[in-house]
Amino acid sequence: MTDTLIPNGVKDGGGERNFFRKGCNPFAQTGRSKLQNTRAGLNQQIIKQMRMRAGAENLLKATSNNKVKDMVLLELSYVNSNLQLLMGQLEGLNSSVDVYQNTQETDNIPLIALGLKETKEVDFSTPFKDFILEHYSEDGNSYEDEIADLMDLRQACRTPSRSEEGVELLAKYFSHLPLMESRFFTQAHHSGIFFTWYDSFTGVPVCQQNLSLEKASVLFNMAALYSQIGTRSDRQTIVGLEKAISSFQTAAGTLNHLKETFTHTPSYDMSPAMLSMLIRMMLAQAQECLFEKIALPGIQNQFQPLMKMAQEAAKVSDIYNLVYQSMSQAPIKDHVPFFWSTMSQVKSNHYLAMAHFFVASALVDHQLGVSDDEDHQEKTLSQVYDRLPEGRTPLDILKKKEERDRIGKAHLRRAIQGHEEALRIYSLCHHLNKMEALQDILKASHKRSFDKYSENETEDEFSDYIEAPDIIPKTEHKAEMEVPATTKGPLSVFSAKQRWTPPRTIRLRPEDRDLGFTLKGDTPVQVVSLDPLSPAAADGLKECDYIVAVGDTDCKWLGLTEVMRLLKDVGEEGIDIQVVSIMENNPSMPTKSATFSGNLPKTYSMICLAYDNDEKNPKSRKVAKKASFLSWGLKNKLKSASTLSLPTADPTGTLPWNKPCPTFPSSSSYNNESALY
């Protein structure tokens, strides 16, 4: 799928027509689009069944009629059965890694990509227009095109292309969110906008009014897109492998940024435990690609290169073993697809078996010759093993052919055992059984180790039996997290956090070319050192006013030099300017941030803070129960699917569910050229 360019009303500079990048065609008949459409359909079915289950459970609690209870219990059994089937289908979608692989690639072990989180459409138009009129005293209809562009951008982010352009699309929308938050979202004002996102593993919807969920979900989708780019790369070329390595490292860095910045996200797929596991998985796949990059030109059949590759393979195995251990911990194991944990276990055994094969080849096929560096080989062998068999030294093994062969065959036995274990685990997962390329690779590796063992087998093998030492994992190219670069820029002083007076018109009439005040600031320009006897002061100009217009020129985004140029040539007739002042904010009442998840109705009493006249310690008091979420939905003409409201922050620090209130530092955003303040 490819991005399309659609004309819009925002000037990007240059050219008669201007364009911004849109998402992929959601109806395109590609494997990935079909997968996402199926995921969206499953999410709707899951929420429907959860609504039915919640209603049945409420009826079961409310009724005392035994006949009704029997009918409700029967209905609940059907609903729970349907939910299990739907969850199984969603797990199957998360196991469909073949859709994300390179279409021409058959010689590599498949990699796992994250699926995109699904979301509902959001209408910014009416709430933003109302807020612009109420808070900024401007006509919201004059910003109709800009609001439409923002809605188009969000809609495009639901279907980004699997390329750098798709990542740029998500990054562009993400950079708009902090600026949008400062303009339209405050603690004292509820915008009436609900953001709904579905858990990528369970399909359970989460709905919030603040932008924290929106920011976190966009970051998750950026990481998912990077993982899809990595799996799509051509791993038969150095360039393709480097792209895959960079993509997986960037995916890990993005997930880590999400984990550190949004610590209380209610969606389970973005919980700290799940994100930690996903970070490890992305880094493991990056390390696997680094190993393939080293092996792609060919492995020299010499002692030093073989020992080096053995430790590199052991490192890949060790990382995948950590990933498998993370996936096996509760409650992650209940949500991660069985395919993922099985694949991690298969790879851990496969690469460890490869490590033993490389060590065996170095010992059996290469004897210590006269021209070989004895000290170097002894040092290498001592660094490969954590411990040596009892009574043996590295130099003894290197100099004695019998010892080299004996330990070499012990490594071959462990290689065969590892490949057999990988094949056994492979057979346990029906999703893995569909991947014939993986099976061919595992069988070929097992045959290679078995054939080499057969070539070196002797009649007195049983008496020479010895256990091969463990190989120390080591790499010269460790996979590291990378965070994508973001464009930085300052936020304007005009924001929803400040209360502003409506624009006032002041007539400037210079006396002896003196306006009676001076200006300071960059953007916007502020009035300072006002002469109280000047005509401007008499007309209503105040100290610390901000100039928003000079004549017909909008000055909200003009610097000091530009505004001074406009005021420089004011004639005797004077000129009108428009100014605004900051209003004193009343002590704000702590507000609740509602989270709606899973359609499981519960009720909590809300406790807010009341301030006394002396503004001393806050006193707690209970307030009347707010209207239900369904009432809000009808009032704001929003079609939301959730009914549970849970408090996510406790400003008083007294509630029983009190936890440290998450602070989400705003990411820097692009400079905004809009006229909105």
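About the criteria used
- Residues numbered from 1 in each chain as written.
- Predicted model: local features only at pLDDT ≥ 70, side-chain atom pairs only at ≥ 80, totals over all residues.
- Heavy atoms only, no water.
- Salt bridge = Lys/Arg side-chain N within 4 Å of Asp/Glu carboxyl O.
- Helix = DSSP H or I, 4+ residues; strand = E, 2+ residues; numbered from the N terminus.
- Buried < 20%, exposed > 50% of the residue type's maximum accessible area, 1.4 Å probe, protein only.
- Pairing = 2+ DSSP bridges.
- Contact = heavy atoms within 4.5 Å.
- Axes fitted to C-alpha atoms, helices over the stretch in contact; angles between N-to-C directions.
- Left-handed = near helix turned anticlockwise from the far one by under 90°.
- Nonpolar A, V, L, I, M, F, W, Y, C, P; charged D, E, K, R; others polar.
- Phe/Tyr/Trp six-rings, centres within 6.5 Å; stacked < 30°, edge-to-face > 60°.
- Expected span 1.5 Å × (residues − 1).
- Arc of directions from axis to C-beta.

So, about the pattern of salt bridges. This model, assessed by the stated rule, comprises 17 salt bridges. Its salt-bridge partner being Glu121, residue Arg158 comes within 3.7 Å of it at the nearest N-O pair. Of this pair, Arg158 sits in the loop between helix 4 (144-156) and helix 5 (164-184) while Glu121 sits in the loop between helix 2 (66-94) and helix 3 (125-136), and the two are 37 residues apart along the sequence. Overall, the relative accessible area of 26% leaves Arg158 in the partly exposed class. Put simply, Lys129 and Glu144 hold a salt bridge, and the shortest N to O gap is 3.7 Å. Placement of Lys129 in helix 3 and of Glu144 in helix 4 is noted, with a sequence separation of 15 residues between them.

Turning our eyes to something else, we now look at the pairing of strand 3 (residues 195-198). Neither face of strand 3 is open: one carries Phe195 and Trp197, the other Thr196 and Tyr198, and all of them are buried. Here strand 3 folds back onto strand 4 (residues 205-208) in antiparallel fashion, the turn holding 6 residues, of which Gly203 has a positive phi close to 80°.

Tracing the chain through its elements places Gly140 in the loop between helix 3 and helix 4. A relative accessible area of 4% means that Gly140 is categorised as buried. For the pair Gly140 and Ser125, spaced 15 residues apart in sequence, the C-alpha to C-alpha distance is 8.9 Å. Contacts of Gly140, omitting those with residues within four sequence positions, involve Lys129 and Ile132.

So, on to the packing of helix 8 (residues 272-295) against helix 10 (residues 338-365). Across the interface, helix 8 lies against helix 10 with an axial gap of 13 Å and an inter-helix angle of 35°. You can see that helix 8 and helix 10 cross each other, and the crossing is left-handed. Between helix 8 and helix 10, the residues in contact are Leu278, Met281, Glu288, Phe291 and Glu292 and Trp340, Lys347, Tyr351, Met354 and Phe358, respectively. Split into classes, the residues belonging to the contact of helix 8 with helix 10 amount to 7 nonpolar, no polar and 3 charged.

Mapped onto the elements, Lys215 comes out in helix 6 (residues 212-232). With a relative accessible area of 3%, Lys215 lands in the buried category. Taking the C-alpha atoms as reference points, Lys215 and Tyr173, 42 residues apart in sequence, are found 9.3 Å from one another.

In this description, an aromatic ring pair is defined by two values, namely the gap between the centres and the angle between the planes. Overall, the coordinates contain 10 aromatic pairs when judged by the stated rule. Taking the centre distance of 6.2 Å and the plane angle of 50° together, the rings of Phe124 and Phe195 count as tilted. Separated by 71 residues along the polypeptide, Phe124 in the loop between helix 2 and helix 3 and Phe195 in strand 3 bring together distant segments of the chain. Where Phe201 meets Trp340, the ring centres are 5.5 Å apart and the plane angle is 85°; that geometry is what we call edge-to-face. Of this pair, Phe201 sits in the loop between strand 3 and strand 4 while Trp340 is found in helix 10, placing the two residues 139 residues apart along the sequence. Given a relative accessible area of 6%, Phe201 falls into the buried group. Pairwise contacts between aromatic rings join Phe124, Phe128, Phe131, Tyr136, Phe184, Phe185 and Phe195 into one cluster.

Another point: unusual backbone geometry. Look at the link from Ala330 to Pro331: it is a cis peptide, with omega at 0°. Following the sequence through the fold, Pro331 ends up in the loop between helix 9 (303-327) and helix 10. Unusually for a residue other than glycine, Ser137 sits at a positive phi of about 60°. Positionally, Ser137 belongs in the loop between helix 3 and helix 4. The phi angle at Ser529 is positive, at roughly 50°, despite the residue not being glycine. Examined against the element boundaries, Ser529 turns out to sit in the loop between strand 8 (525-528) and helix 16 (535-538).

Further remarks concern the environment of Gly521. Locating Gly521 in the fold gives a position in the loop between strand 7 (518-520) and strand 8. A relative accessible area of 41% means that Gly521 is categorised as partly exposed. Each C-alpha atom, one on Gly521 and one on Leu560, is 6.5 Å from the other, the two residues being 39 residues apart in sequence.

A few words now on helix 3. Counted at 1.5 Å a residue, the expected span for helix 3 with its 12 residues is 16 Å, and the 16 Å between its end C-alpha atoms agrees. Those residues of helix 3 that sit buried are Ser125, Phe128, Lys129, Phe131, Ile132, His135 and Tyr136. Along the axis of helix 3, the buried residues cluster in a sector spanning 165°; they form a single face. For helix 3, the exposed residues set more than 90 degrees away from the buried face come down to Leu133 and Glu134. As for helix 3, its buried residues are in contact with helix 4, helix 5 and strand 5 (499-500). In the stretch just after helix 3, Ser137 is the one whose phi turns positive, near 60°.

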